[in-house]
Amino acid sequence: MAVVAGADFGTLSVRVSIVDSERGRLGSGVSAFPLHRKRDDPDHATQSHADHMRALAEATRKALADAGVSGEAIEALAVDTTGSSVIPVGENLEPLDDYYLWCDHRAWREAAEITEAARARSLPAIEWCGGVYSSEWGFSKLLHWLRNNPGKRSRFATALEHCDMAAAVLTGAREPSQIYRSVCANGHKWMWNASLGGLPSEEFLAGMDPLLAGVREKLIGRYAASDQIAGHLTPEWAAELGLRAGIPIPVGAFDAHWDAVGAGVRTGDVVNVVGTSTCIIAISESTRLIPGVCGVVPGSVHPAMAGIEAGLSATGDVFDAIAKRAGSAVADLSQGLENYRAGETGLLRLTWDNGDRTVLVNPELGGITLGWNLTHTAQQELFASIEGAAFHTRVILERMEEHGCPIHRVINAGGIPQRNETLNRVYASVLNKPVLVPASDTTSLGSAIFAFLAAKTFGTLEEAQDALCPKHRAIEPDPESARVYEELYGLYRKLYFGFGSRCSEPAPVGDVLPSLRRIAAGVRAS
């Protein structure tokens, strides 16, 4: 028997769970931290490193108290975070600024320039992250920071992903050369590729923008998967967290990737980690390019397999925005949502409110709702947004299957599927296949699994999953809803690629609004 701590940083809070290798989760603690946005700049989203570490200490102590376990009993600690959440640091890895959070899109111009330069120079690495570089990713955020902070550039030592910064601080790293860098974070968001020699070349980066000259050699450290140890907990941070000094801390990763592990992902599965955004995660024994997908990176999810990541830039954020505009909360607006039927609202919604992450990789898009009439309500828009998220997910899953990633099981993980049965029901009927939902919350369970591997409690990741992952319950598709959604999906695909592709030829859309009215009328009549 062993006991470990797993920490999971989400967008607004960190959750720490205390997990026993035989009894499962013993207790957990949550601590929130502020997200800094600007009303006059919707692309701005930052967070403070000090807030993150304060919250980690608070959540760890809460978890220990909830579990009734002494910190001396904890044998390892693992940490996952959002990403790409990037922080520039100076001497002794001291932050020079706040984190550019994953949902900060200020670098959309820089992302477009990187894409253009990569394509002009036929950079192989760009193909491994879907063919388009994103404003949500590392180099675009760093270039934006360098351009907009000339007074701090002379102090810039390196940049880190949040998961790498957390591990570095907890283990006492003080120099860039001492850092362990996650292949999950850097492979999916920084174009790091072991088979291509690591990061893009100095020639490419400096040629793209002189401000990136010399950056490659500053992004030093050991690039490793999460089966490697980043270091051991320092006495200083052991005292802050209430844990024992010297326990191992594995190389970190992104929250969605470890959430997929906690949800029981195996080859042939795809895991929709549905939260503020949606990350779609799969693993494969082979490594193949998938156009428009955020990345195919060996070792990023399972240390011995290729990890595949795709997703939606906003999901829960869209639901929340609809509720706020209606002067309500999502939980209140959702009352009665279970009574809606497929296509009943007559609305078709493209949930691009925060841009498109996959497969168009276009941050300049905006949300579109078609079919409005004078009596439509916010609750109907909310239901249409759930349908739209499911349609978008189907576009992504079809792209993955078209390029050699067969999908035998669909698992809905993350926080929203645990409390929104309507979403699970809609997904099952839109995808026309059973959707599996973990029988209990798996947040931070993936972190605990990697902590157990660091403590050598289990020999393999699969052994740990068999012991700790909850069983799944299945939501079956409704045949009549699946029939309606099949017709609606054809309209959705037309609009998705017609509105979303910069170079697409105009698609005839005159049939869309009449079709929405006809489908809605038919559903209501039945």
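Above: the structure in question.
Residues numbered from 1 in each chain as written. Predicted model: local features only at pLDDT ≥ 70, side-chain atom pairs only at ≥ 80, totals over all residues. Heavy atoms only, no water.

Asker: Describe the side chain of H188, listing the residues and the values that go with them.
Answerer: Along the chain, H188 falls in helix α6 (residues 183-189). When its relative accessible area of 0% is taken as the criterion, H188 is described as buried. Apart from residues lying up to four places away in sequence, H188 is in contact with C129, W137, V183, H257, C294, G295, V296, V297, S300, G307, I308 and E309. (Helix = DSSP H or I, 4+ residues; strand = E, 2+ residues; numbered from the N terminus. Buried < 20%, exposed > 50% of the residue type's maximum accessible area, 1.4 Å probe, protein only. Contact = heavy atoms within 4.5 Å.)

Asker: So, empty space enclosed by the protein: which residues are in play, and what are the values?
Answerer: In this structure the tally under the stated criterion is 4 cavities of 30 Å³ or more. Space inside the largest cavity adds up to approximately 60 Å³. Along the walls of the largest cavity sit H105, S134, S135, E136, S313, N354, D356, R357, V361, N362 and P363, which together make up its complete lining. Classifying every residue of the lining of the largest cavity by side-chain character gives 2 nonpolar, 6 polar and 3 charged. Volume-wise, the second largest cavity comes out at about 50 Å³. Every residue along the wall of the second largest cavity is listed here: S284, S286, T287, R288, I290, V296, I308, H403, G404 and C405. Partitioned by chemical class, the residues of the lining of the second largest cavity number 4 nonpolar, 5 polar and 1 charged. (1 Å grid on protein atoms, 1.4 Å probe; cavity = no way out; pocket = protein on both sides within 12 Å on 5 of 7 lines; lining within 4 Å. Points joined across faces, edges and corners; volume = space filled by probe spheres on them. Nonpolar A, V, L, I, M, F, W, Y, C, P; charged D, E, K, R; others polar.)

Asker: Just give me the short version of the environment of Y492, but keep the residues and values in it.
Answerer: Considering the arrangement of structural elements, one finds Y492 in helix α18 (residues 479-500). Judged by relative accessible area, which is 0%, Y492 ranks as buried. In the structure, Y492 is positioned 219 residues away from V273 in sequence and 22 Å away in space, judged by C-alpha atoms.

Asker: Lay out the packing of helix α15 (residues 421-431) against α18 in plain terms, naming residues and giving numbers.
Answerer: Relative to each other, α15 and α18 sit at 65°, their axes nearing to 7 Å. Between α15 and α18, the angle is such that the two are roughly perpendicular. Along this stretch, α15 crosses α18, giving a crossing that reads as right-handed. Contacts from V426, S429 and V430 of α15 reach α18 at S481, A482 and Y485. Looking at side-chain class alone, the contact of α15 with α18 contains 4 nonpolar, 2 polar and no charged residues. (Axes fitted to C-alpha atoms, helices over the stretch in contact; angles between N-to-C directions. Parallel < 35°, antiparallel > 145°, perpendicular 65-115°, else oblique. Left-handed = near helix turned anticlockwise from the far one by under 90°.)

Asker: Go over the sheet that holds strand β2 (residues 13-20), please, and point to the residues and values.
Answerer: Read across the open sheet, the 5 strands follow the order β3-β2-β1-β6-β14; overall the sheet is mixed. Either end of the sheet is taken by a strand with one partner, and the two such strands are β3 (24-32) and β14 (253-254). The pairing of strand β1 (residues 3-9) with β2 spans 7 bridges and is antiparallel. Residue pairing in the sheet places V3 in a bridge with D20 of β2. Helix α1 (residues 49-67) contacts β1, β2, β3 and β6 (74-81) of the sheet and is inclined by roughly 145° relative to β3. On the sheet, helix α16 (residues 445-454) packs against β1, β2 and β6 and is oriented at approximately 135° with respect to β1. (Pairing = 2+ DSSP bridges.)

Asker: How would you explain the sheet that holds strand β16 (residues 278-284) if you had to name every residue and give the values?
Answerer: Across the sheet, which stays open at both edges, the 7 strands sit in the order β17-β18-β16-β15-β21-β22-β23 with mixed pairing between neighbours. Looking at the sheet topology across the chains shown, the edges are occupied by β17 (295-298) and β23 (472-475). Averaged over all pairs of adjacent strands, the angle between their axes in this sheet comes to 25°, without regard to strand direction. Along the sheet, helix α13 (residues 378-402) contacts β15 (269-274), β16, β18 (306-312) and β21 (409-413); its crossing angle with β18, the most-contacted strand, is approximately 150°.

Asker: Tell me about the side chain of T315, residues and numbers included.
Answerer: Positionally, T315 belongs in the loop between β18 and α11 (316-325). Here T278 takes part through its side chain, which lies 2.7 Å from a polar atom of the side chain of T315. Excluding anything up to four places from it in sequence, T315 contacts V274, G275, T276, S277, T278 and A389. (Polar contact = N/O pair within 3.5 Å; in protein donor to acceptor, adjacent residues only side chain to side chain.)

Asker: Please give an account of the pattern of salt bridges that cites residues and values.
Answerer: In total, this model carries 24 salt bridges according to the counting rule given. One salt bridge in this structure joins R493 and E398, with 3.4 Å as the shortest N-O distance. On the criterion of sequence distance, the pair formed by R493 in helix α18 and E398 in helix α13 is long-range, its members being 95 residues apart. A relative accessible area of 30% means that R493 is categorised as partly exposed. Linking R518 and E487 is a salt bridge whose minimum nitrogen-to-oxygen distance equals 2.4 Å. In this pair, R518 is assigned in helix α19 (residues 512-525) and E487 in helix α18, connecting sequence segments 31 residues apart. (Salt bridge = Lys/Arg side-chain N within 4 Å of Asp/Glu carboxyl O.)

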